[in-house]
Amino acid sequence: MRKPLSLYIHIPFCKHKCIYCDFLSFDDRTNTTQIQYINALTSEIRMYKPYADRFIVKTIYIGGGTPTIMDEAMIGKILDTVGHIFKIDRFPEITIEANPGTMKYTDLISFREYGINRLSIGLQSADSELLRRLGRIHSYDEFLKGFDSARRVGFENISVDVMSGLPGQDLHTLVDTLTKVCELSPEHISVYSLQVEKDTPLYDREDLIDMIPDESADREMYSMTKKVLKSFGYNRYEFSNYSKPGYESRHNSVYWTGGQYIGFGIGAASFFKGQRFTNIKNLDSYIEICEDIRDELTRDTDRNKLYDNATMVLRTDVETMFIDKRMEEFMYLGLRMTAGVSREEFKQRFDRDMFDVYGEVINKYTDQGFMSVDENRVRLTDRGIDVSNYILADFILDK
């Protein structure tokens with residue numbers, strides 16, 4: 001019986017990098033570089049042929065960067081390669097991220113033809129001034145045009161990204177954005193609080209840093225977000241994610257519930273065959289290594305040996321996930337979901353009772369009102385979510 005598997009495909013190119021972004025991405029590169037990268041990426045995918053028959057791919061997520069900056073035919077080539085190597089589920093969830101400033105009607109038609117059935121659009125704010133401060137390349141009107149185009153070509157599962165805690169943002173402007181988005185009735189909405197990361201342009205912009213709402217205002221924005229989205233029928237199923245019933249992100253849920261996934265492309269992370277690992281982050285080195293893989297694939301080479309040899313130079317931060325690590329992740333990732341974690345599933349996975357391992361921690365936070373326990377599930381309360389970073393750290397076994 002084939003095991004479920006998810007695939008992440010990293011497209012690291014952007015037309016312009018936003019000032020807050022610390023993702024592994026680059027401002028627009030030449031078409032030649034993009035072609036070289038796609039050729040490299042498809043070679044990496046083909047390298048997994050010896051293992052592919054053991055799995056069935058349930059979800060695919062094409063992220064970035066800005067995937068919609070690419071020629072749509074390149075996206076088609078990637079998915080065609082995936083389809084030749086892996087068995088795809090009859091009803092997969094296939095998502096592509098889109099920037100409203102790079103969404104073309106004709107490309108959206110092609111995406112649908114390639115089997116992409118979910119679109120994740122990065123709006124961030126409906127306020128033009130806030131978009132300008134962030135370095136976004138689109139306007140709210142361009143977002144509306146792109147959203148309408150997506151509906152007209154047949155996308156019935158659309159997610160919209162919004163950000164809170166932006167420089168100069170107040171409760172009114174956030175609620176205005178949330179209301180406008182909800183009135184469009186997307187199936188899914190993600191609302192992330194701005195994080196100022198070192199080595200980003202925003203980090204050095206004291207003028208903008210001084211305009212960021214303080215911690216109290218940020219908590220108020222988080223609370224108001226829940227109220228507004230709930231009033232429009234959106235269920236919060238994870239700290240920052242809301243959906244209409246049945247439209248939770250199947251792909252992201254794999255991360256939160258400890259499922260297996262492979263990340264393709266530079267810097268892409270994987271949890272596969274009991275190991276966590278990350279691809280190297282140097283673009284030129286990645287392309288060079290994958291060119292060697294492509295050359296070997298044309299020869300009568302032992303594919304298992306090729307996989308082992310290639311991954312020695314392609315992967316970094318390799319960690320074998322022994323039972324303690326897997327139990328930790330089951331708890332601190334699973335507790336991000338409002339449904340919490342299943343005691344029965346914990347027992348099935350690890351042959352241990354959850355309370356034998358974590359009973360002291362769970363009881364402590366239950367007594368304080370930060371967690372709740374029923375016959376089968378353990379979850380954080382709303383109060384617990386507010387201080388979740390502190391609580392989740394307590395589920396690390398080896399400190």
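Because the structure is predicted, anything quoted here is derived from the model rather than measured. Each residue is numbered by its place in its chain's sequence as written, counting from 1. Per-residue local features are limited, in this predicted model, to residues with pLDDT of at least 70; the limit for side-chain atom pairs, both in listing and counting, is 80 or more; totals at the level of whole chains, interfaces and linings are taken over all residues. Only hydrogens and water are removed before side-chain values are computed, so all heavy atoms of the structure are retained for them.

## Some points on the overall build of the chain
Okay, step 1: Under the DSSP-based scheme used, a helix requires at least four consecutive residues in state H or I and a strand at least two consecutive residues in state E, with every element numbered from the N terminus. Helix and strand content of the chain: 17 helices and 17 strands.
Okay, step 2: Here the globule rule is a power law, 2.2 Å times the number of residues to the power 0.38, and the radius of gyration is based on C-alpha atoms. A globule of 399 residues ought to have a C-alpha radius of gyration of about 21 Å, and the chain, at 22 Å, matches this closely.
Okay, step 3: Considering only C-alpha atoms, the chain reaches an extent of 60 × 55 × 40 Å along its principal axes.
Okay, step 4: Buried means the residue's accessible area, taken with a 1.4 Å probe over protein chains only, is under 20% of the maximum for its type, while exposed means over 50%, and partly exposed covers the values in between. When the 399 residues of the chain are sorted by exposure, 51% land in the buried category.
Okay, step 5: Every residue pair with non-hydrogen atoms within 4.5 Å of one another is taken to be in contact. Residue pairs at least 24 apart in sequence account for 71% of intrachain contacts in the chain once pairs closer than 6 positions are excluded.
Okay, step 6: With residues, only the protein chains shown are counted as cover, and all accessible areas are computed by Shrake-Rupley using a 1.4 Å probe. Split by element, the accessible area of the chain, about 18,800 Å² in all, is 47% carbon and sulfur.

## Considerations on helix α14 (residues 343-350)
Okay, step 1: As used in this structure description, the phrase polar contact means that two N or O atoms lie within 3.5 Å; if the pair is within protein, one of them must be able to donate a hydrogen and the other to accept it, and residues adjacent in sequence are counted only when both atoms belong to side chains. Among the residues of α14, the N-terminal cap falls to Ser-342, whose side-chain oxygen and the backbone nitrogen of Glu-344 are separated by 3.3 Å.
Okay, step 2: Looking one or two residues beyond α14, the residue adopting positive phi is Asp-351, at roughly 55 degrees.

## Overview of the side chain of Glu-93
Okay, step 1: Structurally, Glu-93 can be placed in strand β5 (residues 87-98).
Okay, step 2: A distance of 3.0 Å separates the side chain of Glu-93 from the backbone nitrogen of Arg-250, its partner in a polar contact.
Okay, step 3: Contact partners of Glu-93, with chain neighbours within four places excluded, come to Lys-58, Thr-59, Ile-60, Asn-117, Arg-118, Glu-248, Ser-249, Arg-250 and His-251.

## Observations regarding unusual backbone geometry
Okay, step 1: For the bond running from Gly-64 to Gly-65, omega is 20 degrees, close enough to zero to count as cis.
Okay, step 2: Here Gly-65 lies in the loop between β4 (55-64) and α3 (72-85).
Okay, step 3: With a phi close to 60 degrees, Ser-185 is a non-glycine residue in the positive phi region.
Okay, step 4: Residue placement: Ser-185 occurs in the loop between α7 (171-184) and β8 (188-193).
Okay, step 5: Here Asp-351, not a glycine, exhibits a phi torsion of approximately 55 degrees, which is positive.

## Looking at the packing of aromatic side chains
Okay, step 1: For Phe, Tyr and Trp, where Trp contributes only its six-membered ring, two rings pair if their centres lie within 6.5 Å, and the inter-plane angle classes them as stacked under 30 degrees, edge-to-face over 60, or tilted in between. For the coordinates displayed, the defined rule picks out 21 aromatic pairs.
Okay, step 2: With 6.1 Å between their ring centres and 20 degrees between their planes, Tyr-8 and Tyr-61 make a pair best called stacked. Taken together, the positions of Tyr-8 in strand β1 (residues 3-11) and Tyr-61 in strand β4 put the pair 53 residues apart, joining distant regions of the chain.
Okay, step 3: A relative accessible area of 15% means that Tyr-8 is categorised as buried.
Okay, step 4: Ring centres of Phe-330 and Phe-346 lie 5.6 Å apart, and the angle between their planes is 70 degrees; on these two criteria the pair is classed as edge-to-face. Linking Phe-330 in helix α13 (residues 323-334) with Phe-346 in helix α14, this pair joins segments that are 16 residues apart in sequence.
Okay, step 5: Residue Phe-330 is classed as buried on the basis of its relative accessible area, which comes to 7%.
Okay, step 6: Using a relative accessible area of 0% as the deciding quantity, one classes Phe-346 as buried.
Okay, step 7: Geometrically, a charge over a ring is one whose NZ (Lys) or CZ (Arg) sits within 6 Å of the ring centre while staying within 35 degrees of the ring normal. Cation over ring: Arg-112 sits above Phe-155, and NZ or CZ is 5.3 Å from the ring centre.
Okay, step 8: Sitting over the face of the ring of Phe-271, Arg-276 holds its NZ or CZ atom 4.5 Å from the ring centroid.

## Looking at the sheet that holds strand β17 (residues 377-380)
Okay, step 1: One open sheet holds the three strands; their spatial order is β15-β17-β16, and the pairing between them is antiparallel. Among the strands making up the open sheet, the edge pair consists of β15 (341-342) and β16 (371-373).
Okay, step 2: Pairing analysis gives three bridges linking β16 to β17, with the strands arranged antiparallel. Bridge pairing in β17 links Met-371 to Leu-380. In this description, strands pair whenever DSSP reports at least two bridges between them.

## As for the pairing of strand β13 (residues 275-279)
Okay, step 1: The buried fraction of β13 is high, at four of five residues.
Okay, step 2: Where strand β12 (residues 269-272) meets β13, four bridges bridge the pair, whose relative direction is antiparallel. Across the sheet, residue Phe-271 finds its bridge partner in β13, namely Arg-276.
Okay, step 3: Summarising the sheet, β13 and strand β14 (residues 315-320) pair through four bridges and their orientation is antiparallel. Across the sheet, residue Thr-278 finds its bridge partner in β14, namely Thr-316.

## Things to note about the packing of helix α1 (residues 31-46) against helix α11 (residues 283-297)
Okay, step 1: The convention used is that axes are lines fitted to C-alpha atoms, helices contributing only their stretch in contact, and that angles between N-to-C directions extend from 0 to 180 degrees. Interaxial distance between α1 and α11 falls to 8 Å at its minimum, and their mutual angle equals 55 degrees. With respect to α11, the element α1 is oriented oblique. Between α1 and α11 the crossing geometry is left-handed. The segment α1 lies against α11, with Thr-33, Gln-36, Tyr-37, Asn-39, Ala-40, Leu-41, Ser-43, Glu-44 and Arg-46 engaging Leu-283, Tyr-286, Ile-287, Cys-290, Ile-293, Arg-294 and Leu-297.
Okay, step 2: Gly falls in the polar group here, along with every residue not listed as nonpolar (Ala, Val, Leu, Ile, Met, Phe, Trp, Tyr, Cys, Pro) or charged (Asp, Glu, Lys, Arg). Grouping the amino acids of the contact of α1 with α11 by side-chain chemistry returns nine nonpolar, four polar and three charged. Note on terminology: angles under 35 degrees are roughly parallel, angles over 145 are roughly antiparallel, angles of 65 to 115 are roughly perpendicular, and the others are oblique. Should the near helix be turned anticlockwise from the far one by less than a right angle, the crossing is termed left-handed; should it be turned clockwise, right-handed.

## Here we look at the nonpolar core
Okay, step 1: Ranked by size, the top nonpolar core spans 76 residues in total, and within it Phe-86 and Leu-119 carry the most contacts.
Okay, step 2: For this core, the leading source of residues is α11, giving seven residues.
Okay, step 3: When near neighbours in sequence (up to four residues on either side) are disregarded, Leu-119 contacts Ile-96, Ala-98, Met-103, Leu-108, Ala-150, Phe-155, Asn-157, Ile-158 and Ser-159.
Okay, step 4: In this structure, Met-327, Leu-335, Tyr-365 and Met-371 belong to the second largest nonpolar core, which totals 22 residues. What is meant by a nonpolar core is a set of buried Ala, Val, Leu, Ile, Met, Phe, Trp, Tyr and Cys residues, joined one to another through side-chain atoms within 4.5 Å.

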